[in-house]
Amino acid sequence: MALEHAILVSLTERAGSGYELARRFDRSIGYFWPATHQQIYRVLRRMEEAGWVKHTEIAQDGRPDKKIYRVSAAGRAELSRWLATPDDPAVLRDSLGVKLRGASLTAPGLVRQEVERHRAEHATRLELYRGIAHRDFPKPAKLHGRDLHQYLVLRGGIRAEESFVAWCDEVIDALRKDKS
């Protein structure tokens with residue numbers, strides 16, 4: 001997936017400035033498709049040149065005009081094309097797995113410490129996702145449309161983090177027991 005498609009999805013949910021879009025990425029879609037603010041602004045320019053988005057300028061006192069971006073008809077067509085195009089299944093590409101494979105080449109305790117660090121990060125992200133689910137989707141059985149779709153993506157993130165934390169626990173336990 002290109003960043004362009006993540007931006008198109010976000011802008012179809014709600015038009016906004018580059019700054020507002022970057023903040024949305026920081027708080028939601030960026031957990032699943034991260035992008036820096038600079039990347040977002042660069043891609044917005046490219047998307048506007050391609051005709052996928054258009055902007056209107058809003059005057060601001062004492063500050064440069066604010067550009068509010070909206071998805072154009074061409075952008076909606078591109079998003080429809082992309083949504084209908086099959087993707088390859090996700091492939092886990094994680095340096096931690098490679099480090100674990102090489103643990104016997106160094107002190108396994110060093111790799112265990114790295115796994116513990118990753119576990120802590122994933123546990124923190126898991127609690128963040130659970131908090132978002134509790135705050136934004138208190139009655140998931142009643143969701144439909146866009147809200148259901150956003151919730152299902154969040155549930156995927158929760159399940160992935162739960163799995164990663166459990167795997168880290170398994171690895172940490174096994175490395176503690178390993179006497180080789």
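Values in this document were obtained by computation on a predicted structure and should not be read as measured data. Every chain is numbered independently, its residues counted from 1 as its sequence is written. Totals for whole chains, interfaces and linings use every residue, but because this is a predicted model, local features are given only for residues with pLDDT of at least 70 and side-chain atom pairs only at 80 or more, for both listing and counting. For side-chain calculations, the full set of non-hydrogen atoms in the structure is used, while hydrogens and water are omitted.

Colleague: Please explain the packing of helix 1 (residues 3–13) against helix 4 (residues 73–84) as it appears in this structure.
Modeller: Two measures define how a pair of helices packs: the angle their axes make with one another and the distance between the axes. Direction vectors running N to C along helix 1 and helix 4 enclose 120 degrees, while the axes themselves pass 10 Å from each other. Relative to helix 4, the element helix 1 lies oblique. Helix 4 is crossed by helix 1, and the crossing has left-handed handedness. Taking contact as the criterion, the partners of His5, Leu8, Val9 and Thr12 in helix 1 are, on helix 4, Gly75, Arg76, Glu78, Leu79, Arg81 and Trp82. Considered class by class, the residues forming the contact of helix 1 with helix 4 number four nonpolar, three polar and three charged. Angular values range over 0 to 180 degrees, each being the angle between N-to-C directions of two axes fitted as lines to C-alpha atoms, with helices fitted over their stretch in contact. Put simply, DSSP H or I for four residues or longer makes a helix, DSSP E for two residues or longer makes a strand, and each gets a number counted from the N terminus. By the definition adopted for this analysis, an angle is roughly parallel if under 35 degrees, roughly antiparallel if over 145, roughly perpendicular if from 65 to 115, and oblique otherwise. For any pair of crossing helices, the crossing counts as left-handed if the nearer helix is rotated counterclockwise from the farther one by less than a right angle, and right-handed if it is rotated clockwise. We call two residues contacting when some pair of their heavy atoms lies within 4.5 Å. In this classification, the charged set is Asp, Glu, Lys and Arg, the nonpolar set is Ala, Val, Leu, Ile, Met, Phe, Trp, Tyr, Cys and Pro, and all remaining amino acids, among them Gly, are polar.

Colleague: I tried to follow the packing of helix 1 against helix 2 (residues 18–27) on my own but got confused; where do I start?
Modeller: Relative orientation of the contacting elements helix 1 and helix 2 amounts to 100 degrees, with a least axis distance of 11 Å. The angle between the axes of helix 1 and helix 2 places the two elements in the roughly perpendicular class. Every residue of helix 2 that contacts helix 1 at Leu3, Ala6, Ile7, Ser10 and Leu11 is listed here: Leu21, Arg24 and Phe25.

Colleague: Is there a simple way to think about the side chain of Glu78 in this case?
Modeller: Looking at the secondary structure, you find Glu78 in helix 4. Separated by 2.7 Å, the side chains of Glu78 and Arg81 make a polar contact. In this structure, Glu78 is in contact with His5, Leu8 and Trp52, ignoring residues within four places of it in sequence. Polar contact criterion, stated in full: a pair of N or O atoms within 3.5 Å, where within protein one must be able to donate a hydrogen and the other to accept it, and residues adjacent in sequence count only if both atoms are side-chain atoms.

Colleague: How should the domain arrangement of the protein be read in this particular structure?
Modeller: Much of the literature gives interface size as the accessible area that the parts lose upon coming together. An automatic or database domain assignment supplies the start and end points of every domain. What the domain assignment reports for the protein is domain 1 (3–83) and domain 2 (95–179). Measuring from the centre of the C-alpha atoms in domain 1 to the corresponding centre in domain 2 gives 29 Å. On the domain 2 side, the residues contacting the five residues of domain 1 number eight residues. Buried area is a sum: the accessible area each of two parts loses on coming together, probed at 1.4 Å, counted once for each and added. Interface area for domain 1 against domain 2, summed over the two sides, is near 510 Å², with a carbon-plus-sulfur share of 62%. On the domain 1 side of the contact with domain 2, Glu13, Tyr31 and Phe32 bury the most area, a combined 93% of that side's loss. Salt bridge criterion: a side-chain nitrogen from Lys or Arg within 4 Å of a carboxyl oxygen from Asp or Glu. Where domain 1 packs against domain 2, one counts zero salt bridges. Along the contact surface separating domain 1 from domain 2 lie two residue pairs in polar contact (both at pLDDT 80 or more). Here the side of domain 1 that touches domain 2 is built from residues that sort into two nonpolar, one polar and two charged.

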